[in-house]
Amino acid sequence: MSAPSAPNSTAAGALPDVPGRIMSGEMAEQPAVLRRILEQGAPAIREVAEKIAERNPRFVLLTARGTSDNAALYAKYLLEIQLGKPVGLTSMSTTTAYGAQPDLTDCLVITVSQSGGSPDLVASTKAAREAGAVTLAVTNNAGSPLAEVSEFHIDVLAGEEKALPATKTYTAELLALYLFVDGMRGGDGASSAKALPELAEAVLARQDEVKALAARYRFAERMVLTSRGYGYPTAKEAALKLMETSYIPALSYSGADLLHGPLAMVDNISPVIAVVTDGKGGEALQPVLDRLKDRGADLVVIGNEAAVADATAGFALPTEGLAEELQPVLEIIPLQMLAYEVTIARGQDPDSPRALAKVTQTR
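Basis of the calculations
- Within any chain, residue numbers begin from 1 and follow the written order of that chain's sequence.
- It should be noted that, the model being predicted, local features are given only for residues of pLDDT at least 70 and side-chain atom pairs only at 80 or more, the latter also being counted only at that level, while totals for whole chains, interfaces and linings use all residues.
- With hydrogens and water set aside, each side-chain value is computed from the structure's full complement of heavy atoms.
- The pairing criterion for strands is at least two bridges between them, as found by DSSP.
- A helix here means a DSSP run of H or I that spans at least four residues, while a strand means a run of E at least two residues long, and both kinds are numbered starting from the N terminus.
- Here, axes are lines fitted to C-alpha atoms. For helices the fit covers the stretch in contact, and angles between N-to-C directions go from 0 to 180 degrees.
- Contact definition: two residues touch when any of their heavy atoms are within 4.5 Å.
- Patch construction takes residues with relative accessible area above 30% that form no salt bridge. Like charges are linked within 9 Å, and nonpolar side chains (Val, Leu, Ile, Met, Phe, Trp, Tyr) are linked within 5 Å.
- For the accessible areas, the method is Shrake-Rupley and the probe is 1.4 Å, while residue cover comes only from the protein chains on display.
- We count a salt bridge whenever a side-chain nitrogen from Lys or Arg sits within 4 Å of a carboxyl oxygen from Asp or Glu.
- When charges are counted, Lys and Arg contribute as positive and Asp and Glu as negative, whereas His and the chain ends are disregarded.
- By convention, charge coordinates are those of NZ in Lys, CZ in Arg, CG in Asp, or CD in Glu.
- Buried means the residue's accessible area, taken with a 1.4 Å probe over protein chains only, is under 20% of the maximum for its type, while exposed means over 50%, and partly exposed covers the values in between.
- Handedness is read with the strands pointing away from the viewer; a crossover is right-handed when the path from the first strand over the helix to the second is clockwise.
- N or O atoms closer than or at 3.5 Å make up a polar contact, with two conditions inside protein: a donor-capable atom paired with an acceptor-capable one, and, for residues adjacent in sequence, both atoms drawn from side chains.

Chemist: Which residues make up the sheet that holds strand β8 (residues 271–276), and what values go with them?
Modeler: Paired through their backbone hydrogen bonds, the strands of a sheet run either parallel or antiparallel. On the basis of which strands lie adjacent, the open sheet formed by five strands has the order β7-β6-β8-β9-β10 and parallel pairing. On the outer flanks of this sheet lie β7 (250–254) and β10 (313–316), each paired with one strand and no other. For this sheet, the mean inter-axis angle between neighbouring strands, taken without regard to orientation, is 15 degrees. Helix α13 (residues 280–294) rests against β6 (223–227), β8 and β9 (298–303) of the sheet, and its axis sits at about 160 degrees to β8.

Below you can see the structure in the form of structure tokens.
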């Protein structure tokens, strides 16, 4: 299996100036990272899940920034659908800027962060623990400040992330969060997810298909991405990847929200990417797809073969037999590759996006 490659990719490891070599390399690591989580990380994740399940939190708050915020949104769907827990997304400034002191007794606060070093995430989690919450940090750094202030910690085992656009840590966070939620309900998530590493390898091997799709967007001035259900976090993360690598304004909408106004900006030259999860989310998105086709949109679908065949173009995912809640781990991979290929086609370097930093400091 070969990684998505920059020009002269066979020598990329020896040519530090090859555009995109770091992002390309980290995308290629994803099957190994997923396998590592399943083989080495799953028992520890299940142990944490069982301990927190014993505490029986009555509701959940999720705290994150950037790419990890999209992983947290995925966890929101899991927690609400699989566990029936009410879930919200934290407004960190209420405590870090305004000094609010909420009562978080019997609340589980999950903070998701690749680095575990963002001061606002650390401060918010510390405040939540002091307010009575059960706190869980999901990070790629077991020795991070965030892990230290949290009562519980899950290591996503992705290895050092060097590329500014996060790829392997995002899919690692998704799988770790899936295993955690499944462990909370006493399931056998590791067994259900065992096919993911091999399926990820198969997706990564189809670089030529993604490169052909990327040609559609070389001169794009804006893009719209949409989905519903478990696929919605994928649409948001794909939009983020496109914006932070190629600088194309990419707007992400839930299919339901797209119909309430933004659809008016879609015409026959508007590029739209729809993430069609094979399951209830994809079924709920179908009326949106029908409206987009009626408007003559240039509709590209990432999803099952039937959905792709009914669109202008697309990338068919090997989702047969894979639970709907696990499909986001695969869905994002061709979209990461697309962001990479579009950026290269536009003569830019996805390893050097402007104005980005690995650790954000906000209040």
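Here the narrative resumes.
Chemist: Please provide a residue-by-residue account of a negative patch on the surface, values included.
Modeler: Taken together, Asp278, Glu283, Glu305 and Glu320 make up a surface patch of like negative charges. Residue class for glutamate 320 comes out exposed when judged on its relative accessible area of 79%.

Chemist: Summarise the pairing of β7; cite the residues concerned and give the values.
Modeler: In this sheet, β7 lies alongside β6 in parallel orientation, the contact comprising five bridges. Bridging from a neighbouring strand, methionine 223 pairs with alanine 250 of β7. Once the chain exits β6 it traverses helix α11 (residues 232–246) before rejoining the sheet at β7, and the crossover so formed is right-handed.

Chemist: For the side chain of aspartate 298, give the residues involved together with the corresponding values.
Modeler: Residue placement: aspartate 298 occurs in strand β9. Among the residues examined, aspartate 298 registers a relative accessible area of 17% and is labelled buried. In this structure the side chain of aspartate 298 is engaged in a polar contact, spanning 2.4 Å, whose partner is the side chain of arginine 216. In this view, aspartate 298 contacts Arg216, Ser270, Pro271, Val272 and Thr312; residues no more than four positions away in its chain are not counted.

Chemist: Lay out unusual backbone geometry in plain terms, naming residues and giving numbers.
Modeler: Notably, asparagine 56 is not glycine yet its phi reads approximately 50 degrees, a positive angle. Inspection of the secondary structure assignment puts asparagine 56 in the loop between α2 (30–55) and β1 (59–64). Its relative accessible area of 52% is what places asparagine 56 among the exposed residues. Notably, leucine 157 is not glycine yet its phi reads approximately 60 degrees, a positive angle. Classification of leucine 157 as partly exposed rests on a relative accessible area of 22%.

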